[in-house]
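# Architecture and fold: a report
One letter stands for each residue in the lines below.
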Amino acid sequence: MSVTRTRSAHLPPEHCEDRFETARTVADAVLYEGYVLYPYRASSRKNQVRFQWGVLTPRAYSDTDGSERWSARTECLVDLGGPREPTILWVRVRCLQTQRRRVEACLGVEGSSPTLPAFGPVDALEVEGTSHVEWDEAIDHVVDLPPLVIPPGGSAADELPVHLEGGSEIEPVHKADGTLVGRFVRERIPIDGAVRVATAPEPGGSPYVKVTVTVENATPRNDDRSLRRDIVAQSLVAVHTMLAVDGATFVSLLDPPDDAAEAARACRSDGTYPVLIGRDDVVLSSPIILYDHPEVADQSPGDLYDSLEIDEILALRVMTLTEAEKAEARGTDARAAAIIDRCDALSPEAMGRLHGQMHPVEPEWFTVGTSGMEAGPWWDPASDHSVDPWTDSVLVGGVDVAQGSAVRLHPSGQADAQDMFLDGRCGTVAGVFADVDGGVHLAITLDDDPAARELNWQGRYLYFRPEEVEPLPEWRDSESRP
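Residues numbered from 1 in each chain as written. Predicted model: local features only at pLDDT ≥ 70, side-chain atom pairs only at ≥ 80, totals over all residues. Heavy atoms only, no water.

Below, the discussion takes up the packing of helix 6 (residues 323-332) against helix 7 (residues 334-344). Orientation of helix 6 relative to helix 7, taken along the N-to-C sense of each, is 135°, at an axis distance of 6 Å. Classified by the angle their axes make, helix 6 and helix 7 are oblique. Contacts between helix 6 and helix 7 involve K326, A329 and R330 from the first element and A336, A337, I340, D341 and D344 from the second. Of the residues in the contact of helix 6 with helix 7, the class split is four nonpolar, no polar and four charged. (Axes fitted to C-alpha atoms, helices over the stretch in contact; angles between N-to-C directions. Helix = DSSP H or I, 4+ residues; strand = E, 2+ residues; numbered from the N terminus. Parallel < 35°, antiparallel > 145°, perpendicular 65-115°, else oblique. Contact = heavy atoms within 4.5 Å. Nonpolar A, V, L, I, M, F, W, Y, C, P; charged D, E, K, R; others polar.)

This is the structure:
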């Protein structure tokens with residue numbers, strides 16, 4: 001499958017293109033997530049319903065069916081940083097357009113024209129060990145909006161219509177010796193849409209400006225068929241947005257500064273979620289929720305399109321496929337074929353890099369020890385001599401609670417749905433832990449848990465805040481407790 005790229009004439013400058021490149025590897029993973037799932041065969045039920053992420057269907061279908069959206073909205077904040085030259089905002093939208101690939105076998109030559117071969121549809125076209133089947137491929141599109149100048153006042157707007165061309169192509173299929181054995185017939189439906197971008201200043205002289213980008217599918221439904229694959233053929237797929245700014249930075253919506261917290265909470269994205277990339281001057285807004293500054297692991301040898309799984313497990317599973325299954329996967333899609341070939345050629349060293357990777361936490365934290373400031377990893381309680389979970393205590397309802405204290409549990413229900421089963425049960429405090437944010441947590445074992453002694457020996461506890469426990473009198477054994 002050859003992938004073509006559609007691009008508007010409004011290309012960002014080279015320095016902006018470099019910043020988009022920083023986000024490209026993550027954006028590519030978003031673009032093709034779920035494109036073809038293990039075991040990478042068209043006949044697998046997992047691959048019968050595809051393209052789950054970021055699908056924008058025609059509005060008429062969305063309004064009638066209600067299971068898919070026809071538009072996606074991104075709202076994020078830009079920090080202008082005070083009076084300065086106007087800020088330049090670049091917006092890039094990426095998506096897939098599906099095209100159906102049918103397979104036809106060469107049936108010989110037509111009687112009326114002996115020079116023209118005749119073709120007929122087949123379920124599978126066998127070519128030298130590869131079984132080619134019908135499949136919905138994808139074309140990668142990139143749309144760049146004109147640069148938007150955000151003036152000192154903060155208000156600006158623009159709109160760009162989007163048109164993805166339809167069409168059909170025929171690709172002959174030959175054996176290695178040149179014999180014509182069949183052909184691929186590819187067809188795609190034209191899709192129309194629009195991208196709108198607007199900026200508005202936050203009130204009260206704030207340096208923050210809200211940016212809103214909306215992507216819409218304006219394609220009229222061209223038939224009444226309701227099969228999902230027919231609807232997807234008229235849809236924008238895996239839609240996500242990339243934004244970059246010159247002369248400003250974006251604000252993290254996950255961890256905003258205090259003076260931007262209220263404005264960050266007021267941002268309402270629908271169908272996508274924006275996170276920071278690079279030096280906080282690029283945002284990736286995708287249908288898959290990520291943390292700020294996501295990265296593709298260096299150890300990953302290539303795309304697997306099923307990244308909700310673990311690379312090592314997927315690679316091992318691919319190696320267990322039979323030769324017939326691998327042949328079908330290779331004939332399903334060129335991307336699936338690349339996965340099969342890469343896993344078959346994976347070296348022991350490359351496989352080893354996928355297993356059990358550990359990285360040191362940097363920088364080290366400095367803690368107060370018996371001889372002054374001492375360096376140590378933040379996650380090791382032994383590195384901070386100012387705390388000791390096994391001797392520390394906390395005041396609960398006027399009672400000093402420490403290791404060995406008897407308590408009754410009253411979970412708030414905000415941490416786990418299973419808290420309802422723990423309400424009113426009795427336990428024993430194993431330790432009093434302090435977190436890096438100054439919070440206190442009680443490590444507790446349940447008295448009526450038959451595995452309590454083993455769990456305590458392993459250091460596995462249930463954790464509760466002080467306000468979630470009720471101190472009890474020190475009974476000699478759990479059977480005597482009320």
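The next subject is the packing of aromatic side chains. Under the definition given, this model contains eight aromatic pairs. Centroid distance Y32 to Y35: 5.6 Å. Interplanar angle 85°. Geometry classified as edge-to-face. A relative accessible area of 6% means that Y32 is categorised as buried. Judged by relative accessible area, Y35 falls into the buried class, the value being 1%. (Phe/Tyr/Trp six-rings, centres within 6.5 Å; stacked < 30°, edge-to-face > 60°. Buried < 20%, exposed > 50% of the residue type's maximum accessible area, 1.4 Å probe, protein only.)

Let us look at the sheet that holds strand 13 (residues 208-217). Pairing is antiparallel in the open sheet, where five strands are placed in the order 9-12-13-2-15. Of all the strands in the sheet, the pair left with one neighbour each is strand 9 (156-164) and strand 15 (249-250). (Pairing = 2+ DSSP bridges.)

Let us now look at unusual backbone geometry. The step from Y38 to P39 runs through a cis peptide bond, and the omega angle for that step is 10°. Inspection of the secondary structure assignment puts P39 in the loop between helix 1 (14-31) and helix 2 (59-65). Despite not being glycine, E128 shows a phi value in the positive range, around 50°. Considering the arrangement of structural elements, one finds E128 in the loop between strand 5 (124-127) and strand 6 (130-133). What makes E128 exposed here is its relative accessible area of 54%. The backbone of A238 shows a phi angle near 55°, a positive value even though the residue is not glycine. By the element assignment, A238 lies in strand 14 (residues 237-246). On the basis of relative accessible area, A238 is assigned to the buried category, the value being 4%.

The next subject is the environment of A118. Here A118 lies in strand 4 (residues 117-121). On the accessibility criterion, A118 (17% relative accessible area) is buried. Distance in space between the C-alpha atoms of A118 and A105 is 8.5 Å, their sequence separation being 13 residues.

On to the environment of G413. Mapped onto the secondary structure, G413 falls in the loop between strand 22 (406-409) and strand 23 (426-434). The class for G413 is partly exposed, based on a relative accessible area of 46%. On a C-alpha basis, the gap between G413 and D423 in space is 9.2 Å, while along the polypeptide they are ten residues apart.

Here we take up the side chain of D136. Of note, D136 is situated in strand 7 (residues 135-144). Judged by its relative accessible area of 10%, D136 is buried. At a separation of 3.1 Å, a polar atom in the side chain of D136 contacts the side chain of R100. At 3.1 Å, the side chain of D136 and the side chain of R229 are in polar contact. If we ignore the near neighbours within four places in the chain, the residues touching D136 are Y35, R50, F51, Q99, R100 and R229. (Polar contact = N/O pair within 3.5 Å; in protein donor to acceptor, adjacent residues only side chain to side chain.)

A few words now on the pairing of strand 11 (residues 180-188). The pairing of strand 10 (residues 167-174) with strand 11 spans eight bridges and is classified as antiparallel. The partner of P172 across the bridge, within strand 11, is R183.

A few words now on the confidence of the model for the protein. Confidence along the protein averages 85 in pLDDT terms, with 85% of residues attaining 70 or more. Confidence drops under a pLDDT of 50 for residues 1-5, and excluding neighbours within four residues, the segment shows 16 contacts in the predicted structure. (pLDDT = per-residue confidence, 0-100.)

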